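# Structural features, examined
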Amino acid sequence: MRRYLAYIFILIIAVCIGLVIAKDPGYALFSYHHYTVEMPLWLAVLVAIIVFAILAAILRLFDNTRYLLQRVRYWKQKQKMLKMQKQTQRGMLELLEGRFQIAERHLKPTTHQKDTPLMNYLSAAQAANALGAYDRRDTYLSKAKEKDPKAETAILIIKAKLQIQKNQLQQAEKTLEKLYKHNPKHETVLRLLQSLYTKQNAWQPLLNLLPALKKANILDKETLDTLTISTELALLAETKDLNHHWKQLNRHLKKHPKIIVGYITSLMKHRDFKQAKICIEAQLKREWSDTLCEYYADIETDETEKQFKLAEKWLKQQPENAAILATLGTLAHRLQLWGNAKTYYHHSLTIKPNIKTYLCLGKLLEQLGESAEVIEQYRKALNHISQI
């Protein structure tokens, strides 16, 4: 309805204009040098409108042509991206299937393109790493860093993981320490360093890392305490300056039973029996430990008689303690108190069978020339081993 009204309105306007022109057509004169052109005014206006329409049509054709070229260019780029995506997907699937050589071949060509996704470089690096092509792996990772400098942390983390996968522990350590220097609170970096140091048996660096692990709240208290104890035990076992390391330990750790046992074990390993004896006696006075009591029997000093008398005091407090009885047997054996040693060994074995005690008793009986009994004790030791 509106359209018809518009047509009627235009028709009325046209009729009005026609009547005006018929009454007074007007006059237009154009002069240039010696040339003149004259025509009715309405014709001049009509020509101007036609020329304007032609120019507008030409401009519109030009814009449409330019837009068409843009559309063609966009289509080509889209096709190129689709092809790259298809090739990338194929390479990723082959990577997941473990076909690393083919995967790298499909991922590699796209890495030469400026608009290659970051994941192509990282995936190609994984494929190269699986093939043992470490130089190519590092090249892909370097290109990934150039592609997106802001992703350096993520790229280096991936590099460290790939190095650890291939047991390149020293290279991984350098990579992770570089990361740790710039990201001391990064949870993944801290976890990887913890795992790496443990795998390397690098106990001192791991010990130095523990405060950062605690501060970052990565591990729960129980796990952190366990890690601390195991690290300190490893250091006690391998350190050369044992007493210096012991002095550096905090009081809390010095009171931990496992740490004490580890320290005494290392003292005995270094044949520092005097200090081991002092530590065991002091610790057993504070808190009883069958393990330390058994260690006490292995301490060889010139005070064996004093050790024996002290062990007898322990026995009065715990008459049915198999560890004390076995220790008394060993000390009596060393003092050549054959009868006492034999009695203590037998009593200990009656309470709690123990391989070491069986062997000690067998050795004693062998010295006493009781061959039949020696064989019997060794047989019992073997039976006990088979039952464990």
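Scope of this entry: the structure provided in the associated data block. (Residues numbered from 1 in each chain as written. Predicted model: local features only at pLDDT ≥ 70, side-chain atom pairs only at ≥ 80, totals over all residues. Heavy atoms only, no water.)

## Details of the overall build of the protein
Broken down by element type, the protein carries 20 helices and two strands. Relative to its full complement of 388 residues, the protein shows a buried share of 34%. Look at the contacts in the protein between residues 6 or more apart in sequence, and 47% of them connect residues 24 or more apart. (Helix = DSSP H or I, 4+ residues; strand = E, 2+ residues; numbered from the N terminus. Buried < 20%, exposed > 50% of the residue type's maximum accessible area, 1.4 Å probe, protein only. Contact = heavy atoms within 4.5 Å.)

## Points about the side chain of Arg-137
Relative to the helices and strands, Arg-137 resides in helix α5 (residues 134-147). A distance of 3.0 Å separates the side chain of Arg-137 from the side chain of Asp-138, its partner in a polar contact. Aside from chain neighbours lying at most four places away, what touches Arg-137 is Ala-125, Ala-128, Asn-129, Leu-162, Gln-163 and Gln-168. (Polar contact = N/O pair within 3.5 Å; in protein donor to acceptor, adjacent residues only side chain to side chain.)

## Side note on the packing of helix α10 (residues 221-238) against helix α13 (residues 257-269)
For the pair α10 and α13, interaxial distance at closest approach is 9 Å and the crossing angle is 10°. Taken together, the axes of α10 and α13 are roughly parallel relative to one another. In contact with Ile-229, Glu-232, Leu-233, Leu-236 and Ala-237 of α10, α13 contributes Lys-258, Ile-259, Gly-262, Tyr-263, Ser-266 and Lys-269. When its residues are assigned to classes, the contact of α10 with α13 shows six nonpolar, two polar and three charged. (Axes fitted to C-alpha atoms, helices over the stretch in contact; angles between N-to-C directions. Parallel < 35°, antiparallel > 145°, perpendicular 65-115°, else oblique. Nonpolar A, V, L, I, M, F, W, Y, C, P; charged D, E, K, R; others polar.)

## Observations regarding the side chain of Gln-194
In this fold, Gln-194 is placed in helix α8 (residues 187-200). Among residues more than four places away in sequence, those in contact with Gln-194 are Leu-206, Leu-209, Leu-213, Leu-219 and Leu-227.

## With respect to the pattern of salt bridges
Overall, the coordinates contain ten salt bridges when judged by the stated rule. As a salt-bridge pair, Glu-281 and Lys-277 come within 3.0 Å of each other at their nearest N and O atoms. You can see Glu-281 and its partner Lys-277 sitting in helix α14 (residues 273-286), four residues apart, about one turn around the helix. With relative accessibility at 11%, the residue Lys-277 sits in the buried group. One network of salt bridges, in which partners are shared, links Lys-277, Glu-281 and Glu-303. (Salt bridge = Lys/Arg side-chain N within 4 Å of Asp/Glu carboxyl O.)

## Some remarks on the nonpolar core
One finds Tyr-263, Ile-264, Ile-280, Leu-292, Ile-299, Trp-314 and Leu-328 to be the most contacted residues of the largest nonpolar core, which totals 42 residues. With seven residues, the top contributor of residues to this core is α13. Of all hydrophobic cores here, the second largest spans 28 residues; its members include Ala-202, Leu-207, Ile-218 and Leu-235. (Core = buried A, V, L, I, M, F, W, Y, C linked by side-chain atoms within 4.5 Å.)

## Points about helix α20 (residues 371-387)
Along its 17 residues, α20 runs 25 Å from first to last C-alpha, staying within 8% of the 24 Å computed at 1.5 Å per residue. What α20 keeps buried is the set Val-374, Gln-377 and Ala-381. Seen from one end, α20 has its buried residues packed into an arc of 65°, which puts them on one side. Exposed residues on α20 whose side chains face more than 90 degrees from its buried face are Ala-372, Ile-375, Leu-382, Ser-386 and Gln-387. (Expected span 1.5 Å × (residues − 1). Arc of directions from axis to C-beta.)

## Observations regarding the packing of aromatic side chains
Per the counting criterion, the structure on display carries four aromatic pairs. Both rings, one in Trp-246 and one in Tyr-263, keep their centres 3.9 Å apart while their planes meet at 10°; by these two values the pair is stacked. Highlighted residues: Trp-246 in helix α11 (residues 242-248) and Tyr-263 in helix α13, separated in sequence by 17 residues. Each member of the pair, Trp-246 as well as Tyr-263, carries the same accessibility label: buried. Seen in terms of ring centroids, Phe-308 and Tyr-344 are 6.4 Å apart; in terms of plane orientation they differ by 65°. Their pairing is edge-to-face. One end of the pair, Phe-308, is in helix α16 (residues 304-317); the other, Tyr-344, is in helix α18 (residues 338-351), with 36 residues separating them in the sequence. Comparing Phe-308 with Tyr-344, the two get one shared label, buried. In textbook terms, an aromatic cluster arises when at least three aromatic residues are bridged by ring pairs, as seen for Trp-288, Tyr-296 and Trp-314. (Phe/Tyr/Trp six-rings, centres within 6.5 Å; stacked < 30°, edge-to-face > 60°.)

## As for α13
Residues three or four positions apart in an α-helix share a direction because the helix packs 3.6 residues into each turn. For α13, spanning 13 residues, the distance from its first C-alpha to its last is 18 Å, which sits close to the expected 18 Å at 1.5 Å a residue. Here the buried face of α13 lies against α10, α11, α12 (251-254), α14 and α15 (290-298).

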